[in-house]
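Survey of secondary and tertiary structure
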Amino acid sequence: MSSLGELRTLALNARKGGVKLKNRFPDNKAGYAFIAPWLVGILVFTIGPMLYSLYLAFTNYNLLQPPHWAGTANFVQMFHDPRLWNSLKVTLIYVGIGVPLQLALALALAILLDRGMRGLGFYRSVFYLPSLLGGSVAVAILWTQVFGKNGLLNSFLAIFGIHNAPGWVSDPNFALGTLIVLHIWTFGSPMVIFLAGLRQVPDMYYEAAQMDGAGAARRFFSITFPLLTPIIFFNLVLQVIFAFQSFTQAYIVSGGTGGPSDSTMFFTLYLYQQAFTQLHMGYASAMAWFLLLIIGGLTALNFWLSRFWVFYDD
Amino acid sequence: MTTERLSVTTLAIGSDGWRRAHKRRRITASVLKHVGLIALSIVMIYPLIWLVVSSFKPNGEIFTDLSIFTSTHTLDNYVKGWTSQGLGFQVFLGNSSILVLGAIIGNLISCSMAAYAFARLRFRLRSLFFAVMLCTIMLPIHVVLVPQFIIFKNLGWLGTFLPLIVPKFLATDAFFIFLMVQFIRALPQELFEAAIIDGAGQVRTFLQVTIPLMVPALATTAIFTFIWTWSDFFGPLIYLRETPKFPVSVALKGFVDAQSTSDYGGMFAMSVVSLLPLFIVFALGQRYLLRGIATTGIK
């Protein structure tokens, strides 16, 4: 280690002494060789398609005839499309209710699962498992059965004499709610991130606080929460981005229709329908760019708001 | 707040009775906490257990009997469900396995190469490329969906596994590059410098020094790729047309479409079959899984 350090100093002195270093990028060739697959991938599957999709957003295109330039027609149509605004509303309700509740539950349980607690491993596994399975078709199917007219939930309610409960997934007033419950059910993965964050909080802070007579609530608001805000922020940004793109659950629960009465018509589901059942590829591309703007905007808003509540230690 | 302060002072004085009372209160709190946590665990896990138990119940009893303790067991649902899509379910399991295997190999090779370059090599535009790579993690796939579909259509790849596997060999899952970069940066840098000084080229340093050290990160990548690819529904829904090519996820959807025939037992049984590999990977790879989430925030 020390010899390496000397080498480095030697090299630095040589540079100062006027010996011109040949190359600021000594690994240029190797670097490009190693990122070659990624570089091809990003050009062919990301940047190229993004540019083309931006072009398609200004065309009418049904895959069969060549794209036909339509100017801003798609965007004008989007503005006057009530189903699109409804799908945006449905998605915003899903994200706006689902994500905060999911994160609050994740945080509460992470704090409850103290360090060195008995059974920590067991609880962590049990709470984490649903978030691992949550995106699968099987769980979405399970959900339609749990919240069906004759499903698990209603059989349970019948025990308490409640026999006129609705068929939750087939009732437009409740269908979205069941999807939000499904989202909250997957609080395990943010919880694991919170647990890792809590482990970073130095014990001495709590010891000092206890000495000063701070109670549990005070310790939470004065130590745990402020030190955890960067991680809460990180979870919030990621979960909003992910939740906005949810698709499988709504597709399966509604049989691909977004029903009943478009109540589970997520933005992504409507986009999928426009692209692959209606073959409105241009319109779908315009929608995709609108989605990107919304997600980008929400992320930027999150970053801006973070200045007021996220606390950085260093 | 005041009682806590009191406890500190009384403890200092050494009042034994107070200490015992305090301890009893802490035990009560701890018991209450565990009761609450176990109750929540049951609520969380009950639907999954119900699914498994129902898959062994005769069709008529699934919704009439809530209990997970049942007297009548039958394998009928598995027998009927296995072939109810016209083909044996092993076809769909096989298709899913091909997709999973292809995706894992692709991600391991391409992402580790890119990660090595980003973490260890100095080349022109590295910072720019790195920033671009980070941005793509958050990019919704919908923005590239339609053009990608057109590319694969023009290549004549629709209805084949290629659209779902080839991009993995080109490091399109940027999440894993990020995970590996973080991992390589945390390794002792002297090892790499020593290898270079010993005359190893970048290829040897990558293959013989970096890869063996990266095994935990590679394991995490493999496990998450397994889980995501196995559960992936959107990709196969778009690119695969014919039932014999369907992976498990899309095949299961067939049960929902045909729900009027209401073979709930078969649907439950095959749902269990489809979740089984995920359970196994979870059980075996828990350590890597939990660490992977904790460090990168991937699902």
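Keep in mind that what you see is a predicted model, and the values were worked out from it rather than measured.

Rules of the game
- Residues numbered from 1 in each chain as written.
- Chains lettered and ligands numbered in written order.
- Predicted model: local features only at pLDDT ≥ 70, side-chain atom pairs only at ≥ 80, totals over all residues.
- Heavy atoms only, no water.
- Helix = DSSP H or I, 4+ residues; strand = E, 2+ residues; numbered from the N terminus.
- Rg over C-alpha atoms; globule rule 2.2 N^0.38 Å.
- Buried < 20%, exposed > 50% of the residue type's maximum accessible area, 1.4 Å probe, protein only.
- Contact = heavy atoms within 4.5 Å.
- Areas by Shrake-Rupley, 256 points an atom, 1.4 Å probe, with all protein chains shown as cover.
- Lys, Arg positive; Asp, Glu negative; His and termini not counted.
- Charge placed at Lys NZ, Arg CZ, Asp CG, Glu CD.
- UniProt positions renumbered as here; feature names shortened; annotations may be inferred.
- Domains from an automatic or database assignment.
- Buried area = accessible area lost by both parts, 1.4 Å probe.
- Salt bridge = Lys/Arg side-chain N within 4 Å of Asp/Glu carboxyl O.
- 1 Å grid on protein atoms, 1.4 Å probe; cavity = no way out; pocket = protein on both sides within 12 Å on 5 of 7 lines; lining within 4 Å.
- Points joined across faces, edges and corners; volume = space filled by probe spheres on them.
- Nonpolar A, V, L, I, M, F, W, Y, C, P; charged D, E, K, R; others polar.
- Polar contact = N/O pair within 3.5 Å; in protein donor to acceptor, adjacent residues only side chain to side chain.
- Phe/Tyr/Trp six-rings, centres within 6.5 Å; stacked < 30°, edge-to-face > 60°.
- Lys NZ or Arg CZ within 6 Å of the ring centre and 35° of its normal.
- pLDDT = per-residue confidence, 0-100.
- Expected span 1.5 Å × (residues − 1).

Take the overall build of chain A next. Regarding its fold elements, chain A presents 14 helices and two strands. Against the compact-globule benchmark of 20 Å for 314 residues, chain A has a radius of gyration of 26 Å, which places it well outside the compact range. Scored against the burial criterion, the 314 residues of chain A give a buried share of 54%. Within chain A, contacts between residues at least 6 apart in sequence are counted, and of these 67% link residues at least 24 apart. Carbon and sulfur atoms make up 66% of the accessible area of chain A, which totals about 14900 Å². Mean positive and mean negative side-chain charge positions of chain A (17 and 11 charges, respectively) differ by 9 Å.

Residues and elements named next belong to chain B. UniProt records the feature "transmembrane region" (unreviewed entry) at residues 31-53, 98-119, 128-152, 164-184, 205-230 and 264-284, using the numbering of this structure. Annotated as 100% helix and 0% strand, the span residues 31-53 places its first and last C-alpha atoms 30 Å apart. Annotated as 62% helix and 0% strand, the span residues 164-184 places its first and last C-alpha atoms 28 Å apart.

So, about the domain arrangement of chain B. Residues and elements named next belong to chain B. Here the domain parsing of chain B yields domain 1 (2-54) and domain 2 (78-294). Look at where the C-alpha atoms of domain 1 and domain 2 centre, and you get two points 42 Å apart. With five residues of domain 1 at the interface, the matching set in domain 2 holds four residues. Carbon and sulfur atoms supply 90% of the area that domain 1 and domain 2 bury against each other, a total of about 450 Å² over both sides. Taken together, domain 1 and domain 2 are joined by zero salt bridges.

The next subject is the environment of Val53(B). Residue and element names in this part refer to chain B. Take valine 53: it is sitting in helix α2 (residues 16-54). We classify valine 53 as buried; its relative accessible area is 14%. Separated by 15 residues in the primary sequence, valine 53 and isoleucine 68 have C-alpha atoms spaced 6.0 Å apart. Ignoring any residue separated from it by four or fewer positions in sequence, one finds valine 53 in contact with Ser67, Ile68 and Thr70.

Before going further, it helps to examine empty space enclosed by the protein. Inspection of the entire model under this criterion finds two cavities of 30 Å³ or more. As for the second largest cavity, its lining consists of Ser136(A), Val137(A), Ala138(A), Trp230(B), Ser231(B), Val248(B), Ser249(B), Leu252(B), Ser274(B) and Leu278(B). Contributing elements (two or more residues each) for the lining of the second largest cavity: α6 (137-146) of chain A together with α11 (215-231), α13 (248-257) and α14 (264-296) of chain B. Residue contributions to the lining of the second largest cavity peak at three residues, all from α13(B). Split by residue class, the lining of the second largest cavity holds six nonpolar, four polar and no charged.

So, about the UniProt feature "domain: ABC transmembrane type-1" (unreviewed entry) in chain A. In the numbering adopted here, UniProt assigns the feature "domain: ABC transmembrane type-1" (unreviewed entry) to residues 88-302 of chain A. As a span, residues 88-302 of chain A carries 73% helix and 0% strand, and end to end its C-alpha atoms are 19 Å apart.

The partner chain B presents 93 residues to the 96 residues of chain A that form the contact. When the buried area of chain A at its contact with chain B is split by residue, Phe34(A), Trp38(A) and Phe45(A) rank highest and sum to 11% of it. Remark: the boundary between chain A and chain B carries zero salt bridges. Viewed at the interface, chain B and chain A are joined by ten residue pairs in polar contact (both at pLDDT 80 or more).

Next up on the list: the packing of aromatic side chains. The geometry of an aromatic ring pair is captured by two quantities: the separation of the ring centres and the angle between the planes. Under the counting rule described, the total for this entry stands at 52 aromatic pairs over all chains. A centroid spacing of 5.9 Å and a plane angle of 35° characterise the contact between Tyr128(A) and Phe282(B), whose relative ring orientation is tilted. Separated into two different chains, Tyr128(A) in helix α5 (residues 120-133) and Phe282(B) in helix α14 make up a pair that spans both. For Phe282(B), a relative accessible area of 7% translates into the label buried. Linked through ring pairs, Phe45(A), Phe247(A), Tyr251(A), Tyr272(A), Phe276(A), Phe149(B), Phe152(B), Trp157(B), Phe233(B), Phe234(B) and Tyr239(B) together constitute an aromatic cluster. Its end group placed over the ring of Phe130(B), Arg185(B) keeps NZ or CZ at 5.2 Å from the ring centre. Seen from the ring of Phe161(B), Lys245(B) lies directly overhead, with NZ or CZ sitting 6.0 Å from the centre.

A few words on the confidence of the model for chain A. This prediction gives chain A a mean pLDDT of 90; 92% of its residues lie at or above 70. Mean pLDDT across the secondary structure elements of chain A bottoms out at helix α1 (residues 2-16) of chain A, with 54, and peaks at helix α8 (residues 175-185) of chain A, with 97.

Before going further, it helps to examine helix α6 (residues 142-154) of chain B. Helical geometry note: an α-helix holds 3.6 residues per turn, so side chains three or four residues apart project in the same direction. Given a rise of 1.5 Å per residue, 13 residues ought to cover 18 Å, and the 19 Å separating the end C-alpha atoms of α6(B) matches this to within 8%. Within α6(B), ten of the 13 residues are buried, which leaves the element mostly enclosed by the surrounding structure. Looking only at α6(B), the buried set comprises His142(B), Val143(B), Val144(B), Leu145(B), Val146(B), Pro147(B), Gln148(B), Phe149(B), Ile150(B) and Phe152(B). In this structure, the buried residues of α6(B) make contact with α2 (28-56), α13 (267-277) and α14 (281-309) of chain A together with α7 (162-165) and α12 (234-239) of chain B. Once α6(B) finishes, Gly156(B) follows within two positions and takes phi at roughly 75°, a positive value.

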